[in-house]
Protein chains: 2
Amino acid sequence: MARDPFVVIGGDAAGLSAASKFRRETDREVVVFERGQWISYAHCGEPYFVEGSVERLTDLLSLSPADVAERGIDLRRGHEVVAVSPEDRTVTVRADGNRFDQPYGELLVATGASAATGPFDTTLDGVFTIHGLDSAAAVDAFLSLPGEYDRGRLGDGPVDEARIDHNAALDPPERAAIVGGGYVGVEMAEALTARGLDVHLFQRTDHVLDPFGAAVGERVESHLADRDVAVHTGRPVGELLGDDRVEAVAYDGERLPVDMAVIGIGVEPNAGFLDGTGVERGPKGAIRTDDYGRTSLPAVYAAGDVATARHAVTGEQTWIPLGLTANRAGRAIGATVAGDPTPVGDVAGTAVVKAFDLECGRVGFIDETAAEDAGFDPASATITAGSRSGYYPGGDETSVTLVADRTTGRVLGGAIAGRDRAAIRIDTLATAIESDLTVDELERLDLAYAPPFSPVWDPVLVAAKVLNGRLDD
Amino acid sequence: MARDPFVVIGGDAAGLSAASKFRRETDREVVVFERGQWISYAHCGEPYFVEGSVERLTDLLSLSPADVAERGIDLRRGHEVVAVSPEDRTVTVRADGNRFDQPYGELLVATGASAATGPFDTTLDGVFTIHGLDSAAAVDAFLSLPGEYDRGRLGDGPVDEARIDHNAALDPPERAAIVGGGYVGVEMAEALTARGLDVHLFQRTDHVLDPFGAAVGERVESHLADRDVAVHTGRPVGELLGDDRVEAVAYDGERLPVDMAVIGIGVEPNAGFLDGTGVERGPKGAIRTDDYGRTSLPAVYAAGDVATARHAVTGEQTWIPLGLTANRAGRAIGATVAGDPTPVGDVAGTAVVKAFDLECGRVGFIDETAAEDAGFDPASATITAGSRSGYYPGGDETSVTLVADRTTGRVLGGAIAGRDRAAIRIDTLATAIESDLTVDELERLDLAYAPPFSPVWDPVLVAAKVLNGRLDD
């Protein structure tokens, strides 16, 4: 008798990477259940679609259902897995109003995450999260004049037509509140400014891009302000006001009239359907996994935004949902299930984002309290240095924050901001951190130098030099 | 009695880095002998001065003699050290037609390198090497119409006036031959094209930028050709022809009329004055040093373009003269001599260069024969991948060559070319190589991803993935 198939729940980055790799390595059957209609799309591109720098919504798709079929994957869209029975090794699937049980040989949970909405009323017109192509499309339609939305923007995909129609009929907004100054908030501030809106960005804590540290945060705030984004830091939004359509945000006893709001306060793992299975959880309720993406349930794997991953600095399971992690873990699990055990790899929390032309990157531990909580004795330095030789035109002051452990000298984290090739420099620090380099070793790295690209001492090396001096004290 | 001073020969990157660091750490005397008049200048900026993107020659200076004096350094320009007596611990100095002996407590040889000229007649008018501010200034004067040279370009420095006058009086050239397709050759091709010349670049071997490997070389050649540079690869120039002024280059039985020639065929260490001291030599006659920059002579150090350095991949002493190495080794030796033993650090052969808007980087071993000679069993892969998410505008195809050892999986070298932030990505590979990562570990690095800066799989990761697959075979 043939073994039961490899069943994958979720048809996005992790799920389809796993199924594709699996099918390249074996002839066994793989079934992918996707509850929605879209598959394999680039979440991270959504703000750029709204901005207009991406021409068509469907440009954000990596694979079509036909591509997936060609790879020999049995993809079932509109199929929601509502329960898992680890004892029977079956999943319960709901589709077209019916339910059926599907046995699995191995199971991959790759259900991703959903936008958190906190206390905010997202049923009001003009209120959006940016998570999924339908929400990006809805915003785009909402920004057009009634009756004038260019549906060519949507391309040929399974778009939620009713939602488009509804938003395209509304009066376009003039002023938007963005609640939350994370990636989505900063990127949407840029996108909505490009679309001509008056944009107010609200951040609960003292600085936008909190995980990037204060130095980057301050620089981004000032850069946003230069581009006419009103930045309100340390101002938690309490409520969105309005009857049918959002009319104002209430914060700190004040009230700002707006006719659009974007909620960008983070994401939550889509793991509720596993309640009752006894699967072990990690931070924020994400599914706890090991170095091979295995959960605590037999033959059940998890990958992507729904799963934990091992942190390169602490060695502990953490939850940092990002695109590369999902793709890599999916691919590794596909290989493992096919018979070639492959570690999913660590995460270092490497992330890059731009605010207009200001590039920012971060990796590892930047917040000293978090580093202390993880058992380190952190020291940090923040420097600014030119991105090119001073005499060569086109450079920009580049800020680098570097954090290391006093006891071992090991580099724990770093952040970079600047307008000239700043973001991609974070990969140097990511590599150093995953290689357990000390600040001393970092300072002596033979990094590239040529006037158009770097001064003799790259900003990363300058930061290492300064922090190293501090560690010697 | 006070100890004899720390004596430094050479007032450029290595020498003044050493003297400056030494003076920050101690009150002892440091004397720097510089045979020329210029100090502390950026060799690497000279092509950009000729091009016109650097406004003034003196913009290329890092430190003025007054800055140096302020650091408490006894700088003597126009002082040439002609001999060293390790037994007496003295150097013999020639200045203003006189000679004197200077005792040293410790000695640093930081005399740099000079442009090689091979068999070419550099006494002809219109023939230049690009090594030193006077040569850059001479080229700039030569490119102007007779009597119309703007001396404001020179700034206020100790320029060789007679050489400027001579070159400024000559008819400007229309067609230049560049002999040698290394850094200087490629940069000067760009610079002279910008100055309106018809440029012919001759490269002895099959590809320009030989140390970057064939994939980068081919791409640069095609990019140069697109910008109307005539590239002649595999065509060694035999001779420069002319009576007073260069009139043609002879190559391969052919003859191309030119009225300017730039010789860029490499550099040679300035170590001849040590003949007879018995100092140990390394590759190309460079002074052999250890991990602290010590030579085989007691209390004698060497740093910068005149010295060897330890290769990060092989652990052997090698000679790769580049700017960061000089600055770093000088600084380390300054600390060591002051009483804080500091390793000079390894070199990985990291280098970046641009050809118009095409950015290139290289590190470690790319040539497989060289890797075999060093005892490795190399395998390599060359890939091209987008620099950004495919849907995001402004990206460029990025070529990555990656070389690893089959036996250990260790990354040995790599090269990158592309127009979008390609060069600085080499720092990721430099860090990986200096950290002894395997291709497997490289493939699993948590590198940055965001649509404007990188696709989900950065080109470096794509190369690792492909090479890893090849190593498994």
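Residues numbered from 1 in each chain as written. Chains lettered and ligands numbered in written order. Predicted model: local features only at pLDDT ≥ 70, side-chain atom pairs only at ≥ 80, totals over all residues. Heavy atoms only, no water.

I keep staring at the sheet that holds strand 3 (residues 74-77) of chain B and nothing clicks. Help me out?
What holds strands together in a sheet is hydrogen bonding between their backbones, with the strands either parallel or antiparallel. All names here are of chain B. Spatially, 3-2-1-7-18 is the arrangement adopted by the 5 strands of the open sheet, whose pairing is parallel. In this open sheet, the two edge strands, each paired with only one partner strand, are strand 3 and strand 18 (300-302). Averaged over all pairs of adjacent strands, the angle between strand axes in this sheet comes to 15°, irrespective of strand direction. Bridge count between strand 1 (residues 6-9) and strand 2 (residues 30-34): 4 bridges; the pairing is parallel. What sits directly across from V8, in strand 2, is V32. Each of strand 1, strand 2 and strand 7 (106-109) touches helix 1 (residues 13-25); the most contacted strand, strand 2, lies at about 165° to it. Set on the sheet, helix 8 (residues 323-337) makes contact with strand 1, strand 7 and strand 18; between it and strand 18 the angle comes to about 160°. (Pairing = 2+ DSSP bridges. Helix = DSSP H or I, 4+ residues; strand = E, 2+ residues; numbered from the N terminus. Axes fitted to C-alpha atoms, helices over the stretch in contact; angles between N-to-C directions. Contact = heavy atoms within 4.5 Å.)

I would appreciate a short explanation of the UniProt feature "domain: FAD/NAD(P)-binding" (unreviewed entry) in chain A in the present structure.
The positions that UniProt labels "domain: FAD/NAD(P)-binding" (unreviewed entry) are, in the present scheme, residues 6-313 of chain A. End C-alpha to end C-alpha, residues 6-313 of chain A measures 33 Å, and it is 22% helix and 27% strand. (UniProt positions renumbered as here; feature names shortened; annotations may be inferred.)

How should the interface of chain A and chain B be read in this particular structure?
It is common to give the size of an interface as the accessible area lost on bringing the parts into contact. Counting from both sides, the interface comprises 58 residues of chain A and, opposite them, 58 residues of chain B. Carbon and sulfur atoms supply 66% of the area that chain A and chain B bury against each other, a total of about 5,100 Å² over both sides. On the surface where chain A and chain B come into contact, there are 4 salt bridges. Here E443(A) makes a salt bridge to R331(B), at a shortest N to O gap of 3.1 Å. For the pair chain A and chain B, the interface holds 20 residue pairs in polar contact (both at pLDDT 80 or more). When residues of the side of chain A that touches chain B are assigned to their parent elements, the largest contribution, 7 residues, is made by helix 10 (residues 426-434) of chain A. Here the side of chain A that touches chain B is built from residues that sort into 32 nonpolar, 11 polar and 15 charged. (Buried area = accessible area lost by both parts, 1.4 Å probe. Salt bridge = Lys/Arg side-chain N within 4 Å of Asp/Glu carboxyl O. Polar contact = N/O pair within 3.5 Å; in protein donor to acceptor, adjacent residues only side chain to side chain. Nonpolar A, V, L, I, M, F, W, Y, C, P; charged D, E, K, R; others polar.)

Is there a simple way to think about the environment of L442(A) in this case?
All names here are of chain A. With respect to the helices and strands, L442 occurs in helix 11 (residues 439-443). In this structure, the C-alpha to C-alpha distance between L442 and L461, residues 19 residues apart in sequence, is 7.0 Å. Those residues in contact with L442 that sit more than four places away from it in its chain are L402, V411, L429, A432, L437, V460, L461 and A464.

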